[in-house]
Amino acid sequence: MEQEQLYSSSYKGSKDYTQWDVPVANATGFGAPADDYAEKGIDLNEQLVKNKPATFFMRINSDAMVGAGIFKGDVAIVDRSITATNGKIIIAVVDGEMLIRRLEIINGKKKLVPATDKLSGISIDDMDLKIWGVVTYVIHSV
Amino acid sequence: MRAIVDCNSFYCSCERLFRPEFENKPVVVLSNNDGCIIARTDEAKEVGFSMATPYYMVSDIIKKNGVGVFSSNYNFYGDMSRRVMETLKHVVGEDIVEVYSIDEAFLDLTSFKNSDLNSLAFQLRTTVEKWTGIQVSIGIAPTKTLAKIANKIAKNNKEKSGCINVLDSPRKIAAALKSIPIDELWGVGARYAEKLKELGIDTGWDLYNVSEEFARKHLGGVVGVRLIKELHGEEGLIMEKPLITTKMISTTRRFGRTVTELEEIKEAVAAYTSRTAEKLRRQHCAASIINVFIIANEEKKTYPYKPGDTFSTQIVLPSPTALTNELIKSSLSLTEKIFIPGRKYSKAGVIISGLVPDTSIQANLFNAPSKNAGRYLMDMVDNINFGIRKDMVKFASSGVDRSWKMRQEFLSPRYTTRWDELCKVH
């Protein structure tokens, strides 16, 4: 993991804290034995936002992807820096409207596929399809 | 070499990002209070809108042409600007990016080989556009002034240039200077441009060929000499260190309607003061001087725009402070001093200066020792206001219904900074 971080040119996430931000017990008596092992704790940003300047949040406002576990009212985390490949769930712009769909590429033909029986897929020429970003996570309240 | 990276129609591009139906359509952004046009896309330029046109003069044309109109949404633009700058820093390195304004950054490309500059610029442009959705133009040249010229030329013909222009030879620099009119040169204001034209200097190239003596005499001394040096590829302007703190902080707004009552103006001033104090605390400073001004209404809607009379005054605070309640106390008494009954007012503002770091407020013998309690209260107020909603907790003097608030009829959601205003997808 260390090695990978060192040599990869990819964005290093939102870890902009220093060692001073790591909490210590501040015990007044005997120095707290756990201080040597202190960590920052779990930060959701670190996991969910891999590339901060390219990551946007969006609100799901349809049932188009219920079959994929994405419901109305959920928050989609969208990373614009990721390349959209076959099978990825993406935000696409069709006729000036933002849609969340699964991208299907078969023999070079692109199609936007919903995860519900109530809607049909949209096949598109390369010209008409504008990919806004790739959905990486969905936050769903239970 | 130096580069300037400049976002194309930045405010409009931000609005378009979440409203793709306006792709390739004219879009304009209005100033605070929806006064006049402050940003427009190329398509809007073609429709014939010019900068600073008052909105009421063109509202019909806007409707007829299906132009996208937006009130300025600085929360949103500020966040998008941070994203663009962060992307630039990611590609070329943190230390060589100098953020120059909300939509411009200078890059110090000394460590890059000249032969790599075209491909570097291409990588910068495509990465920023892919990551943030904002298109940028990039000008590269030996000095900042020449880079600005390169950028301008790239922007004038986006299709041909691909929004990139590298001036890496004396021949290219000469051609660029010959094509740029004097009034479009960076650092030459309208007044100097007039004067230079009278002296027979019409292009950047004419200015390139004047003597140092001429510049000293006609172009404001050292500043002029520096400009000529810059045109010759010698650095007169160095890369600035990033500003750690600003020297003054202000909050100025135009009222949504004209205001005549002292009480209403005091409410507005109190609200602006608390906003200013928030900005102050965010950079861990305390202020020693506070200045309040109110501007009277201009009598008629005239074009070009003539501002009304300004009334302003300031005091030096007994000791530097960052506490909203102390600052409000001073700003309200100043307001009472400058208010003249019977006039109509359209704008007010609060400026604080004489900033010192909050941690090292010099002890003053005549002041009660500790202000820590107040500081904790302020931190709590700020945490609530930043974390939950603006103005959740506020000082009663800043009013409850705020009828004087800015007019923002076409305000877009704060897509990137508020949970309840996220962009909706179907």
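Note that the structure is predicted; figures quoted are calculated from it, not measured.

So, how was this worked out
- Residues numbered from 1 in each chain as written.
- Chains lettered and ligands numbered in written order.
- Predicted model: local features only at pLDDT ≥ 70, side-chain atom pairs only at ≥ 80, totals over all residues.
- Heavy atoms only, no water.
- Helix = DSSP H or I, 4+ residues; strand = E, 2+ residues; numbered from the N terminus.
- Expected span 1.5 Å × (residues − 1).
- Buried < 20%, exposed > 50% of the residue type's maximum accessible area, 1.4 Å probe, protein only.
- Arc of directions from axis to C-beta.
- Contact = heavy atoms within 4.5 Å.
- 1 Å grid on protein atoms, 1.4 Å probe; cavity = no way out; pocket = protein on both sides within 12 Å on 5 of 7 lines; lining within 4 Å.
- Points joined across faces, edges and corners; volume = space filled by probe spheres on them.
- Nonpolar A, V, L, I, M, F, W, Y, C, P; charged D, E, K, R; others polar.
- Phe/Tyr/Trp six-rings, centres within 6.5 Å; stacked < 30°, edge-to-face > 60°.
- Lys NZ or Arg CZ within 6 Å of the ring centre and 35° of its normal.
- Pairing = 2+ DSSP bridges.
- Axes fitted to C-alpha atoms, helices over the stretch in contact; angles between N-to-C directions.
- Salt bridge = Lys/Arg side-chain N within 4 Å of Asp/Glu carboxyl O.
- Buried area = accessible area lost by both parts, 1.4 Å probe.
- Polar contact = N/O pair within 3.5 Å; in protein donor to acceptor, adjacent residues only side chain to side chain.

## Description of helix H13 (residues 262–282) of chain B
All names here are of chain B.
Next, step 1: Here H13 spans 30 Å end to end across 21 residues, near enough to the 30 Å set by a 1.5 Å rise per residue.
Next, step 2: Among the 21 residues that make up H13, 16 are buried, leaving the element largely enclosed by the rest of the structure.
Next, step 3: The positive-phi residue at the C-terminal boundary of H13 is His284, with phi of around 55°.

## With respect to helix H3 (residues 55–64) of chain B
Residues and elements named next belong to chain B.
Next, step 1: Along H3, the positions that sit buried rather than exposed are Tyr55, Val58, Ser59 and Ile62. Considered in projection along H3, the buried side chains sweep an arc of 145° and stay on one side of the axis. Those residues of H3 that are exposed and aimed more than 90 degrees away from the buried face are Asp60 and Lys64.
Next, step 2: Check the buried side of H3 and you find it contacts strand E2 (27–30), strand E3 (37–40) and strand E4 (68–71).
Next, step 3: Positive backbone phi, approximately 60°, marks Gly66, located one or two places after H3.

## Re the layout of surface pockets
Next, step 1: Here the second largest pocket defines a volume of roughly 940 Å³.
Next, step 2: Along the wall of the second largest pocket there are 28 residues; nearest its centre are Lys130 of chain A together with Glu23, Glu129, Gly133 and Gln135 of chain B.
Next, step 3: Those elements that provide at least two residues to the lining of the second largest pocket are strand E7 (130–139) of chain A together with helix H1 (10–17), helix H2 (42–47), helix H5 (117–132) and helix H7 (158–161) of chain B.
Next, step 4: By residue number, the principal contributor to the lining of the second largest pocket is E7 of chain A, which donates five residues.
Next, step 5: Class assignment for the residues of the lining of the second largest pocket results in ten nonpolar, eight polar and ten charged.

## Details of the packing of aromatic side chains
Next, step 1: Here the structure, examined in full by the defined rule, presents 20 aromatic pairs over all chains.
Next, step 2: With 5.3 Å between their ring centres and 15° between their planes, Phe57 of chain A and Trp419 of chain B make a pair best called stacked. On the criterion of chain membership, the pair formed by Phe57 of chain A in strand E1 (residues 55–60) and Trp419 of chain B in the loop between helix H15 (372–387) and strand E14 (423–425) is interchain, its members lying in two chains.
Next, step 3: Plain terms: the ring middles of Phe106 of chain B and Trp186 of chain B are 5.6 Å apart, the flat faces sit at 50° to each other, and that makes the pair tilted. One end of the pair, Phe106 of chain B, is in strand E6 (residues 104–108); the other, Trp186 of chain B, is in the loop between helix H8 (170–179) and helix H9 (190–198), with 80 residues separating them in the sequence.
Next, step 4: Look at Phe106 of chain B and you get buried, because its relative accessible area is 1%.
Next, step 5: Each member of the aromatic cluster is reached from another via a ring pair, and the members are Phe56 and Trp132 of chain A together with Phe10, Tyr11, Phe18, Tyr74, Phe76, Tyr77 and Tyr415 of chain B.
Next, step 6: Over the aromatic face of Phe56 of chain A sits the side chain of Arg83 of chain B, whose NZ or CZ is 3.8 Å from the ring centroid.
Next, step 7: Here the basic side chain of Lys144 of chain B rests over the ring of Phe106 of chain B, its NZ or CZ set 4.6 Å away from the ring centre.

## A few points about the sheet that holds E7 of chain A
Next, step 1: Read across the sheet, eight strands follow the order E6(A)-E5(A)-E4(A)-E3(A)-E7(A)-E2(A)-E1(A)-E14(B) without closing on themselves; strand pairing throughout is mixed. Both edges of this open sheet fall to strand E6 (122–124) of chain A together with E14 of chain B, since each of them pairs with a single strand only. The sheet shows a mean angle of 45° between the axes of neighbouring strands, direction not considered.
Next, step 2: Pairing between strand E4 (residues 97–106) of chain A and strand E5 (residues 109–113) of chain A: five bridges, direction antiparallel. Bridge assignment links Leu103 of chain A to a residue of E5 of chain A, and that residue is Leu112 of chain A.

## Some remarks on the pattern of salt bridges
Residue and element names in this part refer to chain B.
Next, step 1: As enumerated under the stated definition, the model contains 21 salt bridges over all chains in all.
Next, step 2: For Arg82, the salt bridge identified is with Asp79, shortest N-O distance 3.8 Å. Residue Arg82 and its partner Asp79 are located together in helix H4 (residues 74–92), separated by three residues, close to a single helical turn.
Next, step 3: Judged by relative accessible area, Arg82 falls into the exposed class, the value being 52%.
Next, step 4: Given a relative accessible area of 11%, Asp79 falls into the buried group.
Next, step 5: Close ionic contact of Glu336 with Lys266 constitutes a salt bridge, the shortest N to O distance being 2.6 Å. Taken together, the residues span a long stretch of sequence, with Glu336 in helix H14 (residues 324–338) and Lys266 in helix H13 at a distance of 70 residues.
Next, step 6: Its relative accessible area of 15% is what places Lys266 among the buried residues.
Next, step 7: If you follow the salt bridges from partner to partner, you end up with Arg2, Asp108 and Glu235 in one network.

## Re the interface of chain A and chain B
Next, step 1: In this complex, chain A contributes 30 residues to the contact, which on the side of chain B involves 23 residues.
Next, step 2: Carbon and sulfur atoms make up 60% of the surface buried where chain A meets chain B, a total of about 2300 Å² over both sides.
Next, step 3: Here chain A is connected to chain B by one salt bridge.
Next, step 4: Lys130 of chain A is the salt-bridge partner of Glu23 of chain B, the closest N and O atoms lying 3.8 Å from each other.
Next, step 5: Run the count over chain A and chain B and you get 15 residue pairs in polar contact (both at pLDDT 80 or more).
Next, step 6: For the side of chain A that touches chain B, the secondary structure elements donating two or more residues are E1, strand E3 (89–94), E4 and E7 of chain A.
Next, step 7: Take the side of chain A that touches chain B: its biggest share by element is six residues, from E1 of chain A.
Next, step 8: As paired strands, E1 of chain A and E14 of chain B are joined by three bridges and run parallel to one another.

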